[in-house]
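Here's the letter readout for the chains.
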Amino acid sequence: MLRTFGRSKAIPFFFALGLGCSKASQKAPSPVSDLPPTAAPSSPTPLVASSIVGCPSTGPCRILALGDSITYGAGGSGGGYRVPLFRMARERNREVTFVGRVKTGPPTVDGVAFPSGHEGYPGYTISACKGRNGIAPLVAPALAEAHPHVVLLMIGTNDVDAGCDLPSMPDRLGALVDAIFEASPDTFVIVASLVPSQDEGFDARALTYGHAIPGLVSARARAPGGRRRIAFVDMTSAFRRVPEFRTKLLADMLHPNDAGYAVMAEVWATALFSKVP
């Protein structure tokens, strides 16, 4: 479904209820040296960025992945969802580069240099609480250095894990999104619900937060005089649609495995690559 908002552009708005959680407490894995190739695109068409939502007509689309250890890639073989998303972009003849001050992931993917930048911080919460660092103070410097066209945001895992004032999570996420736009008004922000866990009790505690995300996204998309380029994607439902997802898509109670990260990449790709070149 396409809805037009923010600076007179047609932006896909994936409006669905999300719930779930993830955890960022275990040590992140070391990057792998390379990944096995998949079939090369059948067309030799040059890579372009103009067909990626939120990106310019020339040059690579600069994508900033922002979040906690799931953004970092914990639980997988290295690079998390960024690796399959990079592969999907190339298979669609889209030109992307991941930006950010943290560098993790394989040196190459299918023989192509992998842009390993991101802003994924294991153990971080939305804002500081109970001895944990929040990502909120990192937003302005990260955007000032990276100059992204698109921000992929999934955060809140560790807030649920630590019990960081759960009722205030939606407001704190909203303040974080506002900080992104204050630092970079033209950035397209895609906000995701949390991936579900292997524990129903943990998922239930995240329920209110998950249900609140579409509303805060919609409010910023439609705010009179200050509409933002923003969309919501439902990671929770994408996982739950897979039979036995708790064992097939999760490496431990809360982190995705490589199959789970591939599902995440598909969800991000749906939002990013909705235009036909």
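Residues numbered from 1 in each chain as written. Predicted model: local features only at pLDDT ≥ 70, side-chain atom pairs only at ≥ 80, totals over all residues. Heavy atoms only, no water.

## A short note on the pattern of salt bridges
Enumeration according to the criterion identifies eight salt bridges in this entry. When the shortest N-O distance is used, the salt bridge between Asp178 and Arg220 registers 2.7 Å. Taken together, the residues span a long stretch of sequence, with Asp178 in helix H5 (residues 169-183) and Arg220 in helix H7 (residues 207-222) at a distance of 42 residues. Its salt-bridge partner being Arg246, residue Glu200 comes within 2.3 Å of it at the nearest N-O pair. In this pair, Glu200 is assigned in helix H6 (residues 200-205) and Arg246 in helix H9 (residues 245-248), connecting sequence segments 46 residues apart. (Salt bridge = Lys/Arg side-chain N within 4 Å of Asp/Glu carboxyl O. Helix = DSSP H or I, 4+ residues; strand = E, 2+ residues; numbered from the N terminus.)

## What to know about the side chain of Arg94
For Arg94, the position within the fold is in the loop between helix H2 (82-91) and strand E4 (96-99). The side chain of Arg94 sits in the buried core without any salt bridge; Glu91 is the nearest counter-charge, 10 Å away. (Buried < 20%, exposed > 50% of the residue type's maximum accessible area, 1.4 Å probe, protein only. Lys, Arg positive; Asp, Glu negative; His and termini not counted.)

## Quick look at the side chain of Arg246
Look at Arg246 and you get buried, because its relative accessible area is 19%. When neighbours within four sequence positions are excluded, Arg246 is seen to be in contact with Ser197, Gln198, Asp199, Glu200, Asp203 and Arg240. (Contact = heavy atoms within 4.5 Å.)

## Some details on the environment of Asp161
Among the secondary structure elements, Asp161 is positioned in helix H4 (residues 157-162). Between the C-alpha atoms of Asp161 and Gly123, which are 38 residues apart in sequence, the distance is 9.7 Å.

## Observations concerning the confidence of the model for the protein chain
With 81% of its residues at a pLDDT of 70 or more, the protein chain shows a mean pLDDT of 84. This model gives residues 1-44 a pLDDT under 50, and the stretch forms 151 contacts once residues within four places in sequence are excluded. (pLDDT = per-residue confidence, 0-100.)

## Structural notes on H2
Within H2, eight of the 10 residues are buried, which leaves the element mostly enclosed by the surrounding structure. By the burial criterion, the buried members of H2 are Arg82, Val83, Pro84, Leu85, Phe86, Arg87, Met88 and Ala89. Count one or two residues on from H2 and you reach Asn93, which has phi positive near 60°.

## Some points on unusual backbone geometry
Unlike most non-glycine residues, Asn93 shows phi in positive territory, near 60°. Here Asn93 shows up in the loop between H2 and E4. Using a relative accessible area of 15% as the deciding quantity, one classes Asn93 as buried. Unlike most non-glycine residues, Glu244 shows phi in positive territory, near 55°. Its location among the elements puts Glu244 in the loop between helix H8 (235-240) and H9.

## Side note on the pairing of strand E3 (residues 61-67)
Along any regular strand the residues' side chains alternate between the sheet's two faces. For E3, the buried fraction is high: six of the seven residues fall into the buried class. Relative to E4, E3 runs parallel, the two being bridged by four bridges. Among the inter-strand pairings, Arg62 is bridged to a residue of E4, identified as Thr97. As judged from the five bridges shared by E3 and strand E9 (residues 150-154), these two strands associate in the parallel manner. Its bridge partner being in E9, Gly67 is matched across the sheet by Met154. (Pairing = 2+ DSSP bridges.)

## Some words on H7
Bending of H7 peaks at approximately 30° at the position of Ile213, with proline Pro214 no more than four residues after it. Looking at H7, one finds that the buried residues are Tyr209, Gly210, Ile213, Pro214, Leu216, Val217, Ser218, Arg220 and Ala221. Each element contacted by the buried residues of H7 is listed here: H5, strand E10 (188-192) and strand E11 (230-233). (Bend = angle between axes of the 7 residues up to and from the residue.)

## A word on the packing of aromatic side chains
Evaluated as defined, the whole model comprises four aromatic pairs. Ring geometry for Phe86 against Phe114: centres 5.5 Å apart, planes inclined by 80°, an arrangement best described as edge-to-face. Of this pair, Phe86 sits in helix H2 while Phe114 sits in the loop between strand E7 (112-113) and strand E8 (117-120), placing them 28 residues apart in sequence. The residues Phe86 and Phe114 share a single accessibility class, namely buried. Geometrically, the ring pair formed by Phe98 and Phe114 is tilted, given 6.1 Å between the ring centres and 55° between the ring planes. Linking Phe98 in strand E4 with Phe114 in the loop between E7 and E8, this pair joins segments that are 16 residues apart in sequence. A relative accessible area of 4% means that Phe98 is categorised as buried. Of the residues examined, Phe114 reaches a relative accessible area of 7% and is grouped as buried. Through pairs of rings, three or more aromatic residues link up here, namely Phe86, Phe98 and Phe114. (Phe/Tyr/Trp six-rings, centres within 6.5 Å; stacked < 30°, edge-to-face > 60°.)

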